[in-house]
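# Structural overview for review
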Amino acid sequence: MTTHRPLAIALVGAGRMGSFHAETLAHRLPGVRLAAVADPAPGAARGLADRLGCPTAYTDIDELLADPAADAVVIATPARTHAGLVEAAVRAGKAVYCEKPMAVTLAEADRALAAAAEAGAVLQVGFNRRYDTGFRTAHEKIAAGAVGTPQLLRSLTRDPKLADPARIPPWTIFLETLIHDFDTLRHLNPGAEPVEVFAWADALIRPDFKDRGLLDTAVVTIRFDNGALATAEASFQAVYGYDVRGEVLGSAGMLTMGDLRRTHLTAHGPDGIAAECVTYDQHLFRDAYVAELADFADSVRTARTPSVTGEDARAALTIALASIRSVETGEPVRIAEIEGHADADIKGAADPADDGVDEMSNSSLLSR
């Protein structure tokens, strides 16, 4: 879509992450305007729209999708609603940016991808780490051969606080948290694909919620088809801050990514060395969140394939589902086994969330 008028992008989901995206659409992207906000929670859409000077708000999402004034839609609702909204939006003629994960089963993912392909719609998924300067530069260097052949890779996500464990759906640690790390590991091993997964997970932070399906700590090992070995780990409570890091060791060197220090200031005093740490995703990845929507807007204007596609989201989901099965069986799981049973749901994965319409992830309801 090539046009000189402002690109009109609507938002579905007026919660924490949706509000940040709405602010970006309204104020941070030249040539883009926030066209409308939709949220079924009474007053949520109207309140956000009024705050940002957007004239149109809906409590009925279908009405927003039918609005001809919107060229594209940003979906920032609970994970279990994403795939259905992607299908509905592309069939309504909208380009779509969807927060991760795009789906929680392969059957859902395949339906969403098929609908987007049939509609010829731009479909981008919110793996924001690809837009972080450190992670982006690492990918470029690895693709250029700067570290030789990748051999050992690592990606981790540690949230600062486990807030309300009762609100966390089963398998969230894989489907909504480590999904980022799975995409990151694929991105940092260009051209390679995972072949086998082994995962451990437990409720170490809130063991009293384990019998309700909570898993708050996990480690996953992944073997790639180029021989590289990778680990992904997640914790819902790192008391020192919001910690996201990556590492790639190759035959010719090593790259590390991630720094949770709030500033470059380090204090040296009688109690030792100290630095303030970031405790919020929108602080650590603020620029990356803006950059991914800027890239989406450019994809819509030029009708090009987005940098992060629905196929990327499906690939990360496959690793997540293999991890879940590995935890269930206590055995390594080959990716081919998951692909061979794409219609089979993982128990609990597709259960609808009952937490409203905010895009939510794991511990402190941080959506990344």
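Residues numbered from 1 in each chain as written. Predicted model: local features only at pLDDT ≥ 70, side-chain atom pairs only at ≥ 80, totals over all residues. Heavy atoms only, no water.

### Quick word on unusual backbone geometry
Along the chain, Lys-100 connects to Pro-101 via a cis peptide bond; the corresponding omega equals -15 degrees. In this model, Trp-171 sits at a positive phi of 70 degrees, which is unusual for a non-glycine residue. Mapping Trp-171 onto the fold places it in the loop between β7 (150-158) and α7 (172-187). Although it is not a glycine, Ala-303 adopts a positive phi angle of roughly 55 degrees. Turning to its location among the elements, Ala-303 is positioned in the loop between α9 (286-302) and α10 (310-329). (Helix = DSSP H or I, 4+ residues; strand = E, 2+ residues; numbered from the N terminus.)

### A closer look at the confidence of the model for the chain
Here the chain shows a mean pLDDT of 92. Residues at 70 or above account for 92%. Ignoring residues within four places in sequence, the model shows residues 352-368, a span with pLDDT below 50, making 83 contacts including any to other chains. (pLDDT = per-residue confidence, 0-100. Contact = heavy atoms within 4.5 Å.)

### A few points about the packing of helix α5 (residues 106-119) against α10
Running from N to C, α5 and α10 point in directions that differ by 175 degrees, and their axes come no closer than 10 Å. Taken together, the axes of α5 and α10 are roughly antiparallel relative to one another. Of the residues in α10, those in contact with Leu-106, Ala-109, Asp-110 and Leu-113 of α5 are Gly-310, Glu-311, Arg-314, Leu-317, Thr-318 and Leu-321. Looking at side-chain class alone, the contact of α5 with α10 contains five nonpolar, two polar and three charged residues. (Axes fitted to C-alpha atoms, helices over the stretch in contact; angles between N-to-C directions. Parallel < 35°, antiparallel > 145°, perpendicular 65-115°, else oblique. Nonpolar A, V, L, I, M, F, W, Y, C, P; charged D, E, K, R; others polar.)

### Focus: the pattern of salt bridges
Using the criterion set out here, one finds 27 salt bridges in the structure. Between Asp-181 and Arg-129 there is a salt bridge, and its shortest N-O distance comes to 3.1 Å. Here Arg-129 lies in the loop between β6 (123-126) and α6 (133-143) and Asp-181 lies in helix α7, a separation of 52 residues in the sequence. Comparing Asp-181 with Arg-129 shows no difference in burial state: the two are buried. With a shortest N-O distance of 2.8 Å, Arg-186 and Glu-193 are connected by a salt bridge. Here the salt bridges do not stand alone but share partners, grouping Arg-130, Asp-183, Arg-186, Glu-193 and Asp-312 into one network. (Salt bridge = Lys/Arg side-chain N within 4 Å of Asp/Glu carboxyl O. Buried < 20%, exposed > 50% of the residue type's maximum accessible area, 1.4 Å probe, protein only.)

### Comments concerning the side chain of Asp-71
Mapped onto the elements, Asp-71 comes out in the loop between α3 (61-65) and β4 (72-75). By relative accessible area, Asp-71 is classed as buried at 9%. At a separation of 2.8 Å, a polar atom in the side chain of Asp-71 contacts the side chain of Arg-5. (Polar contact = N/O pair within 3.5 Å; in protein donor to acceptor, adjacent residues only side chain to side chain.)

### Observations regarding the nonpolar core
Counting residues in hydrophobic clusters, the biggest one holds 87 residues, and the most contacted among them are Phe-174 and Phe-182. Contact partners of Phe-182, with chain neighbours within four places excluded, come to Phe-174, Val-220, Ile-222, Ala-232, Ala-316, Ile-319, Ala-320 and Ser-323. Residues Leu-11, Leu-29, Val-32 and Ala-45 belong to the second largest nonpolar core, which totals 26 residues. (Core = buried A, V, L, I, M, F, W, Y, C linked by side-chain atoms within 4.5 Å.)

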